Amino acid sequence: MQSVCRSACDRRAASCPEGNAMTAVEILHRDTNYRLLRTQEDLAANTHWCYMHSHRFPRDTGYRACFSVALMKEMREYLKRTADRLTLRATNAGPSLTHLVMASEANVYNLGGDLDLFCRLIRERNREHLLAYARLCVEGVHEIHVGLNRNVHSIALVQGDALGGGLELALSCQTIVAESGVGMGFPEVLFDLFPGMGAYSFLCQRVSPHFAEQMMLNGTIYSSDELHRLGIVDVLVPKGEGVQAVHDVIRRNQRIANARTAMNRVRQARNPISLAELMQITEVWVDTAMQLGEKSLRTMERLVRAQQKRPTVIDTPREASELDTAHAAAL
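Lay out the overall build of the protein chain with the relevant residues and their values.
Scanning the protein chain from terminus to terminus reveals 14 helices and ten strands. Burial analysis of the protein chain (331 residues in total) assigns 55% to the buried set. Considering only contacts within the protein chain whose residues lie at least 6 apart along the sequence, 75% involve residues at least 24 apart. Accessible surface, the protein chain as shown: approximately 14,300 Å² in total, 52% of it carbon and sulfur.

Please give an account of the layout of surface pockets that cites residues and values.
Within this model, the largest pocket holds a volume of roughly 510 Å³. Surrounding the largest pocket, 36 residues form its lining, L111, G112, G113, L163 and G165 being those nearest its centre. Listed by contribution, the elements that provide at least two residues to the lining of the largest pocket are α3 (69-93), α4 (115-123), α5 (127-145), α6 (165-172) and α13 (294-309). A class-by-class count of the residues in the lining of the largest pocket yields 24 nonpolar, seven polar and five charged.

Got a sec to walk through unusual backbone geometry? Specific residues and values, please.
Phi at N46 takes a positive value of approximately 55 degrees, unusual for a residue other than glycine. Summarising the element assignment, N46 is placed in the loop between β2 (37-42) and β3 (47-52). Taking relative accessible area as the criterion, N46 reaches 13% and is therefore assigned buried. The phi angle at D192 is positive, at roughly 65 degrees, despite the residue not being glycine. When you line up the elements, D192 lands in the loop between β8 (183-185) and α7 (199-203).

If you had to explain the pairing of strand β7 (residues 175-179) to someone new, which residues and values would you point to?
β7 sits mainly inside the fold: five of its five residues count as buried. Here β7 shows a buried face lined by T175, V177 and E179 and a second buried face lined by I176 and A178. Pairing of strand β5 (residues 152-158) with β7, which is carried by four bridges, proceeds in the parallel orientation. In the sheet register, A156 faces β7, and the bridge partner there is I176. Pairing of β7 with strand β10 (residues 235-237), which is carried by three bridges, proceeds in the parallel orientation. Counterpart to V177 in the pairing with β10 is V235.

Would you mind going over the pairing of strand β4 (residues 98-104) in detail, with residue names and values included?
Where burial is concerned, most of β4 is hidden: seven out of the seven residues are buried. Here β4 shows a buried face lined by T98, L100, M102 and S104 and a second buried face lined by H99, V101 and A103. With six bridges connecting them, β3 and β4 associate as parallel partners. Looking across to β4, one finds that M52 is bridged to S104. Bridge analysis of β4 against β5 gives five bridges, and the strand direction is parallel. When the bridges of β5 are listed, M102 appears paired with A156.

Give a description of the pattern of salt bridges that names residues and reports values.
Per the counting criterion, the structure on display carries 14 salt bridges. Across the pair R64 and D114 runs a salt bridge, and its minimum N-O distance is 2.9 Å. Of this pair, R64 sits in the loop between β3 and α3 while D114 sits in the loop between β4 and α4, and the two are 50 residues apart along the sequence. The two residues R64 and D114 agree in class, both being buried.

Describe the packing of aromatic side chains, with residues and values.
If you walk through the whole model with that rule in mind, you get five aromatic pairs. When the ring of F118 is compared with that of Y133, the centres are 5.2 Å apart and the planes differ by 85 degrees; the resulting orientation is edge-to-face. Taken together, the residues span a long stretch of sequence, with F118 in helix α4 and Y133 in helix α5 at a distance of 15 residues. We note that F118, like Y133, is buried. A network of ring pairs unites the aromatic residues F118, Y133 and W285 as a single cluster.

Account for the environment of I281, with residues named and values stated.
With respect to the secondary-structure elements, I281 resides in helix α12 (residues 275-289). Classification of I281 by relative accessible area gives partly exposed; the value is 23%. Here the alpha-carbon distance between I281 and V138, two residues 143 residues apart in the chain, equals 9.7 Å. Those residues within four positions of I281 in sequence are excluded, and the remaining contacts are F194, G196 and S201.

Describe the side chain of T47, with residues and values.
Among the secondary structure elements, T47 is positioned in strand β3. On the basis of relative accessibility, which here comes to 1%, the residue T47 falls in the buried class. Excluding anything up to four places from it in sequence, T47 contacts Q40, E41, D42, H99, V101 and I250.

What counts as what
Residues numbered from 1 in each chain as written. Predicted model: local features only at pLDDT ≥ 70, side-chain atom pairs only at ≥ 80, totals over all residues. Heavy atoms only, no water. Helix = DSSP H or I, 4+ residues; strand = E, 2+ residues; numbered from the N terminus. Buried < 20%, exposed > 50% of the residue type's maximum accessible area, 1.4 Å probe, protein only. Contact = heavy atoms within 4.5 Å. Areas by Shrake-Rupley, 256 points an atom, 1.4 Å probe, with all protein chains shown as cover. 1 Å grid on protein atoms, 1.4 Å probe; cavity = no way out; pocket = protein on both sides within 12 Å on 5 of 7 lines; lining within 4 Å. Points joined across faces, edges and corners; volume = space filled by probe spheres on them. Nonpolar A, V, L, I, M, F, W, Y, C, P; charged D, E, K, R; others polar. Pairing = 2+ DSSP bridges. Salt bridge = Lys/Arg side-chain N within 4 Å of Asp/Glu carboxyl O. Phe/Tyr/Trp six-rings, centres within 6.5 Å; stacked < 30°, edge-to-face > 60°.

Have a look at this one:
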């Protein structure tokens with residue numbers, strides 16, 4: 001999360017009476033079983049927070065805030081655990097509106113697919129492993145899109161650049177909250193490929209198919225402000241106010257919990273996106289990737305080097321207690 005967000009949250013925490021902050025912090029439950037994720041559950045708000053690129057990961061220069069296999073496996077495990085827990089809770093206490101927030105602890109949201117892995121698998125002609133990677137991506141975004149179960153409303157909290165697969169993850173959520181000035185787009189066309197893990201299906205729920213194709217193939221990195229005007233970003237807020245905006249969305253939804261849950265079901269009934277559809281598209285992506293020549297692969301490698309030079313982890317890691325206080329101050 002960006003340092004500007006830290007300072008804004010610290011200001012909110014400073015204005016919150018200490019007793020109230022401690023009461024709110026005590027309701028947060030944190031899962032410590034992951035290396036690349038930081039997850040916590042706000043029991044009072046019935047909200048699950050998942051931060052990618054956890055600062056607990058060793059800060060080696062080779063780490064890139066992209067969808068590595070390790071990150072995706074942790075995310076799939078987290079989603080499965082959360083879905084199982086919610087199913088059990090619904091069985092025991094009945095269904096209730098739950099929120100899932102997908103965020104990042106880096107100063108980018110996510111830079112997309114693991115281009116270094118793509119280059120290696122394409123050169124090795126290893127279609128099987130590239131397809132396995134693509135399917136892992138698709139299974140994750142579909143699980144988020146369908147809400148784990150019917151009573152989960154997913155929110156993408158985008159406080160840094162969301163590119164390629166990173167934007168596809170955000171689009172899979174039912175609500176996108178973005179801070180102003182964030183870069184969002186699909187650079188895959190630079191190496192003669194297209195975003196194949198849900199971009200077209202998810203975009204067509206927000207814009208026309210014509211504009212979806214244009215956005216996927218023009219290589220433009222839009223600002224979050226532009227995408228808000230186009231109706232792709234749902235909530236746009238100034239830098240540093242993303243967490244507060246998410247809490248505001250959650251509070252509004254909880255006041256109309258039955259209507260919000262019903263609307264999620266209506267959306268799925270009116271314009272469903274099936275796992276089979278996403279799998280079919282991602283197979284086209286794999287076949288297209290396997291046809292790429294050396295020029296395209298060298299472009300990928302240049303982008304990998306650019307990602308490695310880019311600082312993707314927050315300069316001053318915040319301890320968990322600071323993050324908890326920020327959430328508490330927003331309650």
